[in-house]
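Residue-level listing of the chains:
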Amino acid sequence: METHSVKKETSNEKIRNIAIIAHVDHGKTTLVDHMFRQSGIFRPGLEVNDRIMDTMDLERERGITIAAKNCSVQWNGVKINIIDTPGHADFSGEVERALTMADGAVLLVDASEGPLPQTRFVLKKTLEKGLKVIVVINKIDRKDARPDEILDEIYDLFIDLNANDEQLDFPYLYAIGREGIAKKSLTEESDNLHLFFNTIIDKIPPPRFDKEEPFQMLVSDLGYSDYLGRLAIGRVFNGNSEFNGNMVCINNKNEQIPFKISKLQIYEGIKLKEVEAVESGDIVVLSGMEDVKIGDTICTKEFSKPLKRITVDEPTISMEFTINTSPLSGRDGKIVQSGKIRERLIKETLQNVAIKLEQTEDRDRFIVKGRGEFQMAILIETMRREGFELSVGRPKVIYKHENGKILEPIEKLYVDCAEDFLGIVTEKLSLRKGRLTNLVNNGHGRVRTEFSIPSRSLIGYRDEFLTDTRGTGIMNTIFSGYERFRGEFPTRSTGSIVSDRHGKSVAYALFHLEPRGRLFIVPGEPIYEGMIIGEHNKSGDINVNPGKEKKLTNMRASGKDESIVCSPVQPMTLERAINFIKDDELVEVVPHSIRLHKRIFSAQKRHMQRSVENKNK
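What counts and how
- Residues numbered from 1 in each chain as written.
- Predicted model: local features only at pLDDT ≥ 70, side-chain atom pairs only at ≥ 80, totals over all residues.
- Heavy atoms only, no water.
- Helix = DSSP H or I, 4+ residues; strand = E, 2+ residues; numbered from the N terminus.
- Buried < 20%, exposed > 50% of the residue type's maximum accessible area, 1.4 Å probe, protein only.
- Contact = heavy atoms within 4.5 Å.
- Areas by Shrake-Rupley, 256 points an atom, 1.4 Å probe, with all protein chains shown as cover.
- Axes fitted to C-alpha atoms, helices over the stretch in contact; angles between N-to-C directions.
- Parallel < 35°, antiparallel > 145°, perpendicular 65-115°, else oblique.
- Nonpolar A, V, L, I, M, F, W, Y, C, P; charged D, E, K, R; others polar.
- Core = buried A, V, L, I, M, F, W, Y, C linked by side-chain atoms within 4.5 Å.
- Pairing = 2+ DSSP bridges.
- Polar contact = N/O pair within 3.5 Å; in protein donor to acceptor, adjacent residues only side chain to side chain.
- Salt bridge = Lys/Arg side-chain N within 4 Å of Asp/Glu carboxyl O.

**Quick word on the overall build of the protein**
The helix and strand tally for the protein stands at 15 helices and 37 strands. Within the protein, the proportion of its 617 residues that are buried is 53%. When contacts within the protein are restricted to residue pairs at least 6 apart in sequence, long-range pairs at least 24 apart make up 71% of them. For the protein, the accessible surface area stands at approximately 29,800 Å², while carbon and sulfur atoms represent 48% of it.

Quick look at the structure:
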């Protein structure tokens, strides 16, 4: 029996499937650019943009990978499918589904910064799947590069993540990504990536499959085409498929839905190429099936056997999404209806397995659950750019209840800051129930610390951290699990400056409000009752009139007629707004503005509600 199974198992030597893992800004997208150029994807003389794989506007603006994407290059007759994975833990759903298509991974590490928390997260998932890893130490041309120390740190990381002996014996290369150079040793001369390509082909195993099994494909990603409809993207695990083949899709309820492939495509460079048949181990794009979800299996009618579904970590953060109820609603965006918002959120859950949607009793209100507030901010920003108007509430952590005890999500927080700021950072984090678990001082003026801290403690802390470290601190987190609830702690100590009427803001009024706190608006902006126009210096909220004009008299006095100049205002970003608001406040998100307001617009009604709450206490 054993001999028979060995005979059936074979591999496709013409294909390699690799995932590229790197922390934000370690040079992954630049390296992939040079892989395209040196493999002959582009004809000579063709003008090509940098960072080809950053297809979303948000990815180009922020310099990060948000969505996992596929492409391919050819080298010495072998097709190398490249799966670009996000480096941020908030996009863990993208990482986990991307890794289902890979047989190996390239770990890209900065020669100065070393392996950072998000690298750790994706690498952990990779090692758990038993994938072979090639390590590339990038940016060795940096003045502060320390490649030998970084290699030791990578070995320590592999050991820490319980890598087996085979995984520990990883091949490693040194690279200068922006120049397209890879070499085996620091002293070796090189001017290309040929060694890198050859290492991938030699060290990453080809995809294995059972040649006696019929066609089986796991859907790892979804796309949409105006001409073809829903696109199912995934790896062929067994068998071959021909154009117009009759298939079935096995969903999460084990139901078999028949369909006919209308178009069969594979990746060639960054584009799709139509083909008549595909091979086992290749990554393909199928169309012809409308009701398909990530994790479904596509196979033949005669052999309908499901593959293991993709599983992702549970959401840890929830946010309220609702229609825009402010007096200015409908003036800026094209899409304001709750039904359209609901459709858009359902579409997001289909494409992103890490996002969950819950409908509330109020049909205008939805609860969206995900892995972190950054993931939520990216979703909201994307919707805003698509023309949506909506309001969102403060992020809340999702608690678990076991044996009568409350458990809360805990993060590992990694802080890199100057020695001078260590005291204030440690003090603030300890107030928020953080515990210092590790501290490393290399004697270069900066320290690296690790904290164990509740997820809820970090909501609203990022801006404070940047202020405390004068913009020089680096903060990264990774989810570490659930622990006993650590108790309450004081949240935002300041109140809000709230407008008490409709109109337009006036320079005279804002100038005289500046001593009361930090303002969010400039003269000439529309205002309404209940809109938050600034942060109060003191703990309570304050109602003000930002449209108050100077009284005109026929008396002239020296020194009274100078022009009023208001202090500059830092533009309100979505992340700042989400981190700032309290539970009784909402962020109004429209295509060209971000405003904050109270849930109850009327100052009188808010006062009555406070009175009732104080009586009940």
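**Observations concerning the packing of helix α2 (residues 28-38) against helix α8 (residues 194-203)**
Their axes nearest at 11 Å, the elements α2 and α8 cross at an angle of 95°. Relative to α8, the element α2 is oriented roughly perpendicular. Contact with α2, carried on its side by Leu31, Met35 and Gln38, involves His194, Phe196, Phe197 and Ile200 of α8 and no other residues of that element. Its residues placed into classes, the contact of α2 with α8 shows five nonpolar, two polar and no charged.

**Comments concerning the nonpolar core**
Nonpolar side chains tend toward joint burial in soluble globular proteins. Formed by 38 residues in total, the largest nonpolar core has its most connected members in Leu107, Leu123, Val135, Ile137, Ile154 and Phe158. The element that contributes the greatest number of residues to this core is helix α6 (residues 147-160), accounting for five residues. Filtering out sequence-adjacent residues up to four positions away, Leu123 remains in contact with Ile21, Leu107, Val133, Leu157, Phe158 and Leu161. Within the second largest apolar cluster, 29 residues are counted, among which are Ile355, Ile380, Met383 and Ile581.

**Some words on the pairing of strand β22 (residues 365-370)**
Counting buried residues along β22, five of its six residues qualify, which places the element largely inside the surrounding structure. Where strand β20 (residues 317-322) meets β22, six bridges bridge the pair, whose relative direction is antiparallel. In the sheet register, Phe321 faces β22, and the bridge partner there is Phe366. Between strand β21 (residues 356-359) and the antiparallel strand that follows it, β22, lie five residues.

**Quick word on the pairing of strand β36 (residues 585-590)**
Burial analysis of β36 places six of its six residues in the buried class, the great majority of the element. Judged by which residues are buried, β36 turns out to be covered on both faces: Glu585, Val587 and Val589 on one side and Leu586, Glu588 and Val590 on the other are all buried. Bridge analysis of strand β23 (residues 390-392) against β36 gives three bridges, and the strand direction is antiparallel. The residue bridging Val392 from the neighbouring strand is Val587, located in β36. Judged from the six bridges that link them, β36 and strand β37 (residues 593-598) form a sheet pairing that is antiparallel. Bridge pairing links Val587 to Leu596 in β37. Between β36 and β37, which pair antiparallel and follow one another directly, the connecting turn spans two residues.

**Section: the side chain of Ser452**
Within the secondary structure layout, Ser452 lies in strand β28 (residues 446-454). Among the residues examined, Ser452 registers a relative accessible area of 13% and is labelled buried. Reaching out from Ser452, the side chain makes a polar contact with the side chain of Arg486 at a distance of 2.7 Å. With residues near it in sequence (within four places) discarded, Ser452 still touches Ile410, Glu411, Lys433, Gly434, Arg435, Thr437, Glu483 and Arg486.

**What to know about the environment of Thr472**
Tracing the backbone shows Thr472 in the loop between α12 (462-468) and β29 (474-484). Spatially, the C-alpha atom of Thr472 lies 6.6 Å from that of Cys417, the residues being 55 residues apart in sequence. Among residues more than four places away in sequence, those in contact with Thr472 are Asp416, Phe421 and Arg446. One polar contact links the side chain of Thr472 to the main-chain carbonyl oxygen of Thr469, over a distance of 2.6 Å.

**A word on the pattern of salt bridges**
Within the structure shown, the criterion is met by 34 salt bridges. Put simply, Glu320 and Arg599 hold a salt bridge, and the shortest N to O gap is 2.9 Å. Of the two residues, Glu320 is situated in strand β20 and Arg599 in the loop between β37 and α15 (603-616); the sequence distance between them amounts to 279 residues. Residue Glu381 pairs with Arg384 through a salt bridge whose shortest N-O separation is 3.2 Å. In this pair, Glu381 and Arg384 are both assigned in helix α10 (residues 373-385), three residues apart and thus about one turn of the helix distant. Taken together, the salt bridges that share partners define one network made up of Asp110, Lys139, Arg142 and Asp144.

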